[in-house]
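# Analysis of the macromolecular model
So the chains spell out like this:
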Amino acid sequence: MTVALIVIVVLLVVGAVLFVVARPKRRPALPAPKASPDAPAVARTAAPPRVEGLGARIRAIFAGAPTEDAWARLEDLLIRADVGPKAAEDIVRQVRDKVASGADPADAVAQEVAVALGGDTELHLRPDELSVVMVVGVNGTGKTTTIGKLAAMLGRQGKKVSLANSDTFRAAASEQLGVWADRAGAHLVAQSRGADPGAVAYDAVQAARARGSDVLIVDTAGRLHTRQPLMDELAKVKRVLEKAATDVEEVLLVLDATTGQNGIQQARVFTDAVQVTGIALTKMDGTAKGGIVVAVRDELGVPVKLIGTGERLDDLEPFDPKAFADRLVRA
């Protein structure tokens, strides 16, 4: 009996020892590694906050006394903002003189951008008879949306507006324009998909006159601007409109504010085909973009006349060069 008891006690002790040995040990927390005195500064220093807006970046460039390197960096900054090499060079030259006289560099840039975009920025409409506005642009720039907003803006001015769907090849183009016509309180002239765009334009002039409309806004096809058949088609539509209505008061090119340098090529090709008279700049949401219109104005002489700032019906306004320049620089 005594021997059995001793055996049991020994087994319990051995089991307890094995349990303690087999149990995973909690490792002590490792101390934070010490920075090596030879480590580069970037490894020990938090990244500086990102500088947003042209104004902040301009002031960062001129934090010290103006140097030739600072002026070169300013010119590069403007080029990267899509204002174009020539316009950037001209703006920097004017800003140099203003800064030498004590002006703030960002304010001086905003002033020169406003000057570059100034001039004839108003829509030209006939006061006592039907005015025709032809709207062109690449698909995806917000062309049909801009037409709806323009119809609403003219309606608020007391004008009676008709819309024509001469974009007869894009699926659902007529339906989309019809939605905007309803929202803007405008009359829509459309035909079946695949109809001749020139015929739609001609019928729209007659219908607008019969209804006593003050303005007819004509939507057009917007396939890739590099396709010559599209340009021929747009030129034909314009000739039909001129024949039916004597003249086309405005040919507006819709440009996406984010389009970059491709916008110059778009403006050049459309201007060659239909003599663009103004730009409607879309998708301006407060960020520092839209500088492409400075390059277009500088190289082609085409002014901005409208600017779209959102998706609501009333998010379209006449172009104000000073307000745009302030928005571009201070965004």
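All of the points below concern the structure found in this document. What you are looking at is a predicted structure, and each value in this text was computed from that prediction instead of being measured.

## Points about the pairing of strand β1 (residues 131–136)
Counting buried residues along β1, six of its six residues qualify, which places the element largely inside the surrounding structure. Where β1 meets strand β4 (residues 215–219), five bridges bridge the pair, whose relative direction is parallel. Each bridged residue has a counterpart across the sheet, and for M134 the counterpart in β4 is V218. Here β1 pairs with strand β5 (residues 250–256) via four bridges, running parallel. Paired with V133 across the strands is E250, a residue of β5.

## Observations concerning the packing of helix α7 (residues 143–156) against helix α8 (residues 173–184)
Following both chains from N to C, one finds α7 and α8 inclined at 20°, their axes separated by 9 Å at the closest point. The orientation of α7 with respect to α8, classified from their angle, is roughly parallel. In the crossing of α7 with α8, the sense of the turn from one axis to the other is right-handed. Residues T144, T145, I147, G148, K149, A151 and A152 of α7 touch α8, and the partners they reach there are Q176, L177, W180 and A184. The class makeup of the residues in the contact of α7 with α8 is six nonpolar, four polar and one charged.

The rules we used
- Residues numbered from 1 in each chain as written.
- Predicted model: local features only at pLDDT ≥ 70, side-chain atom pairs only at ≥ 80, totals over all residues.
- Heavy atoms only, no water.
- Buried < 20%, exposed > 50% of the residue type's maximum accessible area, 1.4 Å probe, protein only.
- Helix = DSSP H or I, 4+ residues; strand = E, 2+ residues; numbered from the N terminus.
- Pairing = 2+ DSSP bridges.
- Axes fitted to C-alpha atoms, helices over the stretch in contact; angles between N-to-C directions.
- Parallel < 35°, antiparallel > 145°, perpendicular 65-115°, else oblique.
- Left-handed = near helix turned anticlockwise from the far one by under 90°.
- Contact = heavy atoms within 4.5 Å.
- Nonpolar A, V, L, I, M, F, W, Y, C, P; charged D, E, K, R; others polar.

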